[in-house]
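# Examining the three-dimensional arrangement
Residues per chain are reported as follows:
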Amino acid sequence: MKQWLGRSLKHKLSLLMIMTTLVPLFLMMKNIGLLDTYGALILPYTAFELPITVFLAIGFMASTPREIEEAAMIDGSGWWMIFGRIIFPLCTPIVATISILAFLRFWNDFSFALVFINSQSLKTLPLSLPLFSDGFGTDYGLTMGAMAIAVIPTIVIYLMMQERIMKGMVAGSIKG
């Protein structure tokens, strides 16, 4: 019972957080003229993804040996060359992990797209799925077919990148 209450409370708090940010975001997007554009989704998605990105990237970069940077400095490399040629290539597992997690999180997002997008040509896939249902009935065959097609990109991307996801998630957790 206690676990159920905890899960329910967590779910309620995350839903409350999303709903309390929708109204101010809508007003801000309206004032700057971004409603019904791709930017109306890209900017909030980026802002909501940044905290987890920074958290994962810092944990990963902290596990890279400092001696590699020092050796590059002795060889005459500048900070940008060290980052571009040494640090960033070492960080490909965490970059892949962050990209995949962001894709999975926002591929199925319904609430932001519902509030910020009105034109039919910009609607996302989750907004199009309810079209198979109306007030009088649901065509379950079409709905299940559309849902199966909607899941295919997620499964394909995960299967192609599952090794990188695992490397990126555990790389910052073990200090050697």
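Small disclaimer: the values here were computed from a predicted structure and weren't measured.

With phi around 65 degrees, D36 is a residue other than glycine that occupies positive phi space. Along the chain, D36 turns up in the loop between α1 (2-32) and α2 (39-61). According to the relative accessible area criterion, D36 is partly exposed, its value standing at 27%.

Take the pattern of salt bridges next. The final tally for this structure, using the stated rule, is 2 salt bridges. Between R105 and E49 there is a salt bridge whose closest N-O contact spans 2.3 Å. You can see R105 sitting in helix α5 (residues 92-107) and its partner E49 sitting in helix α2, a full 56 residues away along the chain. R105 gets classed as partly exposed once you look at its relative accessible area, which sits at 40%. Residue E49 is classed as buried on the basis of its relative accessible area, which comes to 8%. One salt bridge connects R66 with E69, and the closest N-O pair in it is separated by 3.0 Å. Placement of both R66 and E69 in helix α3 (residues 66-74) is noted, with a separation of 3 residues, approximately one turn of the helix.

This part covers the nonpolar core. Judged by nonpolar contacts, the single largest core of 14 residues is most densely connected at L41, Y45, F112 and F116. Where this core is concerned, the elements lending two or more residues are α1, α2, α5 and α6 (111-116). The residues touching F112, leaving out its near neighbours within four places in the chain, are I18, T21, L22, L25, L41, P44, Y45 and F48. Core analysis: the next-biggest nonpolar cluster, separate from the first, contains 9 residues, A57, A72, I94 and I98 among them.

Taken as a whole, the protein chain shows an average pLDDT of 82; of its residues, 85% reach a score of 70 or greater. Per-element averaging of pLDDT across the protein chain places α1 at the bottom with 74 and α2 at the top with 90.

Structurally, T53 is set in helix α2. Considering only alpha carbons, one finds T53 and S99, 46 residues apart in sequence, at a separation of 9.0 Å. Within the local environment of T53, its side chain forms a polar contact with the backbone oxygen of E49, the two atoms lying 2.8 Å apart.

Cut-offs and rules
Here, residues in each chain are numbered from 1, in the same order as that chain's written sequence. Given that this is a predicted model, residues contribute local features only at a pLDDT of at least 70 and side-chain atom pairs are listed and counted only at 80 or more, while totals for whole chains, interfaces and linings are drawn from all residues. For the side-chain quantities, the full set of heavy atoms in the structure was used; hydrogens and water were omitted. Helical segments are the DSSP runs of H or I of at least four residues, strand segments are the runs of E of at least two, and each set is numbered from the N terminus. When a residue's accessible area, from a 1.4 Å probe over protein chains only, is under 20% of the maximum for its type it is buried; when over 50% it is exposed; and in between it is partly exposed. Every case where a carboxyl oxygen of Asp or Glu lies within 4 Å of a side-chain nitrogen of Lys or Arg is listed as a salt bridge. We call a set of buried Ala, Val, Leu, Ile, Met, Phe, Trp, Tyr and Cys residues a nonpolar core when their side-chain atoms join them within 4.5 Å. Contacts are residue-level and defined by heavy atoms, with any inter-residue pair within 4.5 Å sufficient. Each residue carries a pLDDT score, the predictor's own confidence in it, on a scale running from 0 to 100. Any pair of N or O atoms that falls within 3.5 Å is considered a polar contact. Within protein, one atom must be able to donate a hydrogen and the other to accept it, and sequence-neighbouring residues count only if both atoms are side-chain atoms.

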